[in-house]
Amino acid sequence: MSKLTLWHCADARSFRALWALEELGLDYELRVLPFPPRAFDKGYFEENPLGTVPLLVDGATRMTESAAIPHYLATVHGGGRLALGADHPEYGAYLNWLHHGEATLTFPQTIYLRYAKLEPEERRQPVVAEDYKKWFLGRLKLAEASLADGRDFLVGGAFTMADISVGYAIMLAQMIGIGPELPPHALGWFRRLKTRPGYLAAKEAQKAGPPLFQPSSPARE
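Residues numbered from 1 in each chain as written. Predicted model: local features only at pLDDT ≥ 70, side-chain atom pairs only at ≥ 80, totals over all residues. Heavy atoms only, no water.

Draft legend 1. Structural context of the nonpolar core. Counting residues in hydrophobic clusters, the biggest one holds 56 residues, and the most contacted among them are L73, F136 and M161. Looking at this core, the elements with two or more residues in it are β1 (4-8), α1 (15-24), α3 (68-77), α4 (91-118), α5 (126-139), α7 (161-175), α8 (184-193) and α9 (197-205). Residue contributions to this core peak at eleven residues, all from α7. Each residue touching L73, except ones within four places of it in the same chain, is listed here: L4, A17, A20, L21, L24, L26, L56 and G78. Within the second largest apolar cluster, eight residues are counted, among which are W7, A12, Y44 and V53. (Core = buried A, V, L, I, M, F, W, Y, C linked by side-chain atoms within 4.5 Å. Buried < 20%, exposed > 50% of the residue type's maximum accessible area, 1.4 Å probe, protein only. Helix = DSSP H or I, 4+ residues; strand = E, 2+ residues; numbered from the N terminus. Contact = heavy atoms within 4.5 Å.)

Draft legend 2. Structural context of the pattern of salt bridges. Per the counting criterion, the structure on display carries 15 salt bridges. Where R123 meets E119, a salt bridge forms, and the shortest distance between an N and an O atom there is 2.9 Å. For E119, a relative accessible area of 11% puts it in the buried group. For E130, the salt bridge is made with K133, and the minimal N-O distance between the two is 3.4 Å. Within this pair, E130 and its partner K133 are both found in helix α5, separated by three residues, close to a single helical turn. Overall, the relative accessible area of 10% leaves K133 in the buried class. Shared partners join several salt bridges into a network, and the residues in it are R13, R16 and E102. (Salt bridge = Lys/Arg side-chain N within 4 Å of Asp/Glu carboxyl O.)

Draft legend 3. Spatial organisation of α7. Between its first and last C-alpha, α7 extends 21 Å over 15 residues, near the 21 Å set by a 1.5 Å rise per residue. In terms of burial, α7 is largely enclosed, as 15 of its 15 residues are buried. Two residues or fewer past α7, G177 is found with a positive phi of approximately 95°. (Expected span 1.5 Å × (residues − 1).)

Draft legend 4. Fine view of the environment of T52. Within the fold, T52 resides in the loop between α2 (37-40) and β3 (55-58). By relative accessible area, T52 is classed as partly exposed at 27%. Considered as a pair, T52 and D152 are 100 residues apart in the sequence and their alpha carbons are 32 Å apart. Sequence-distant contacts of T52, that is, excluding residues within four places in its chain, are made with R38 and Y44.

The quantities given are spatial measurements derived from coordinates; they are silent on function.
Shown next as structure tokens:
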């Protein structure tokens, strides 16, 4: 068994960790689970009592937060590659984007996804779903403004784990049918990101497992 083990569901939040592993070229073992694992793989609770993905195991270290894992991998196993250090003038901005991708952008998407698509028909809440979709698009304004000058990366003038964190939110938006409403600069930025060999390798690696779900409307590519 390799030192690093990642439990993952295809295209779920754990894709951030998988993408980071591939970008850094690290050796890892990938365990792909059905989504959601807490419902379809009850034995997984023995590994992660939350029943969620990601779960990264590195010896005695066990991590479940998708925005934290890429930074951990970069600083602990990547020699600082794809992260900014505390002495960098944009370190604060880097950390902010890293957490912005999950706490500010992905959170409202998950509420939208649940009440627009995943719940049984009788439990769906179209008004709630629409409100959270608008929340996501409103919170995306910060990234859109930051990318308006055509820059290729969010911070530090280079690709970092912050791009993975926020980039996943754009990827998820396309998957769940919000793609046609994405603003142009954020969309163009993500188009460039998804041509990266690390992104493509992560997409290929996860094919061992079932897809997360099929989008109900065409994604805006």
